[in-house]
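Understanding the architecture of this molecule
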Amino acid sequence: MTETVKGITVYGASSSRIAQAYFDAAFEVGAGIARAGVPLINGAGYRGLMGASIDGALGAGGSCIGVIPRFMADKGWAHPGITDLRVTDSMHERKAMMAGLARGVIALAGGIGTFDELCEMLTWRQLGLFRGPVVILNTAGYYDPFLAMLSRAEEEGFMRPSEGRLFELTSDPAEAVRMALSEN
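Let me sum up the structure you'll find in this document. No experiment lies behind these values; they were computed from the predicted model shown.

**A short note on the pattern of salt bridges**
A full pass over the atoms with the stated rule returns six salt bridges. Close ionic contact of R152 with E156 constitutes a salt bridge, the shortest N to O distance being 3.8 Å. Take E156: its relative accessible area is 49%, and that puts it in the partly exposed class. Between E168 and R165 there is a salt bridge whose closest N-O contact spans 3.1 Å. Since its relative accessible area comes to 53%, R165 is described here as exposed. Taken together, the salt bridges that share partners define one network made up of K95, D116 and E120.

Structure follows, in structure tokens:
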């Protein structure tokens, strides 16, 4: 495998039945990553927020590394514009590869898959396995219930208060990109 410049990994919904504000934010994140001169890395999907972030990056002249498990690639779920498509044997390998290519992570709105990816990166940060920034883009207050759950976990003693600094939070796509590019 060739050496790759570390990019920004973006997690987000594959669903297309969501409000336009989420698509706009994903597109802006992709375009911002491209303007920063680093690759966008995501799950390679052509639909939903994955597809919108890829479209934003490609539209701004950027490159995209898509990491997709073979069973999804075989179903034709990969975005046709991906500049570097990497096919893995499993979801676990996919997540590990996406993390390994990342200098920072941005979580867009999403469902259980996005929550899984975000929580895994928060765990990796806590354990020192990933040292880059993890940014939650809280478009339209989407992550407010998740943030409340983390606060409750602290209040109930399940998390140390310092663990709340495992991530950065913003509702501005351009700021999310800046945060993901920052050195911790």
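**Considering the pairing of strand 6 (residues 134–137)**
Residues V134 and I136 line one face of strand 6 and the alternating positions V135 and L137 line the opposite face, and both faces are buried. Looking at chain direction, strand 5 (residues 102–107) and strand 6 are connected through three bridges and run parallel. Residue pairing across strands places V105 opposite V134, the latter belonging to strand 6. In the classification by handedness, the crossover that spans strand 5, the intervening helix 5 (residues 112–127) and the parallel strand 6 is right-handed. In this structure, strand 6 lies alongside strand 7 (residues 168–170), joined through three bridges in parallel fashion. Within strand 7, the position partnered with L137 by the bridge is T170.

**Observations concerning a negative patch on the surface**
The grouping of D24, E28, D172 and E175 at the surface amounts to a negative patch. The topology assignment puts E175 in helix 7 (residues 173–181).

**Things to note about the side chain of K95**
Note that K95 resides in helix 4 (residues 91–100). A distance of 2.8 Å separates polar atoms of two side chains, one belonging to K95 and the other to D116. Discounting residues that sit within four places of it in the chain, K95 has contacts with D116, E117 and E120.

**A look at the packing of helix 4 against helix 5**
Packing of helix 4 against helix 5 leaves a shortest axis separation of 11 Å and a crossing angle of 55°. Comparing the axis directions of helix 4 and helix 5 gives the class oblique. Two packed elements cross with a definite hand, and for helix 4 against helix 5 that hand is right-handed. Touching K95, A96, M98 and A99 of helix 4 are D116, E117, E120, M121 and W124, all from helix 5.

Parameters and conventions
Residues numbered from 1 in each chain as written. Predicted model: local features only at pLDDT ≥ 70, side-chain atom pairs only at ≥ 80, totals over all residues. Heavy atoms only, no water. Salt bridge = Lys/Arg side-chain N within 4 Å of Asp/Glu carboxyl O. Buried < 20%, exposed > 50% of the residue type's maximum accessible area, 1.4 Å probe, protein only. Helix = DSSP H or I, 4+ residues; strand = E, 2+ residues; numbered from the N terminus. Pairing = 2+ DSSP bridges. Right-handed = clockwise from strand over helix to strand, strands pointing away. Patch = residues over 30% accessible without salt bridge, like charges linked within 9 Å, V, L, I, M, F, W, Y side chains within 5 Å. Areas by Shrake-Rupley, 256 points an atom, 1.4 Å probe, with all protein chains shown as cover. Lys, Arg positive; Asp, Glu negative; His and termini not counted. Charge placed at Lys NZ, Arg CZ, Asp CG, Glu CD. Polar contact = N/O pair within 3.5 Å; in protein donor to acceptor, adjacent residues only side chain to side chain. Contact = heavy atoms within 4.5 Å. Axes fitted to C-alpha atoms, helices over the stretch in contact; angles between N-to-C directions. Parallel < 35°, antiparallel > 145°, perpendicular 65-115°, else oblique. Left-handed = near helix turned anticlockwise from the far one by under 90°.

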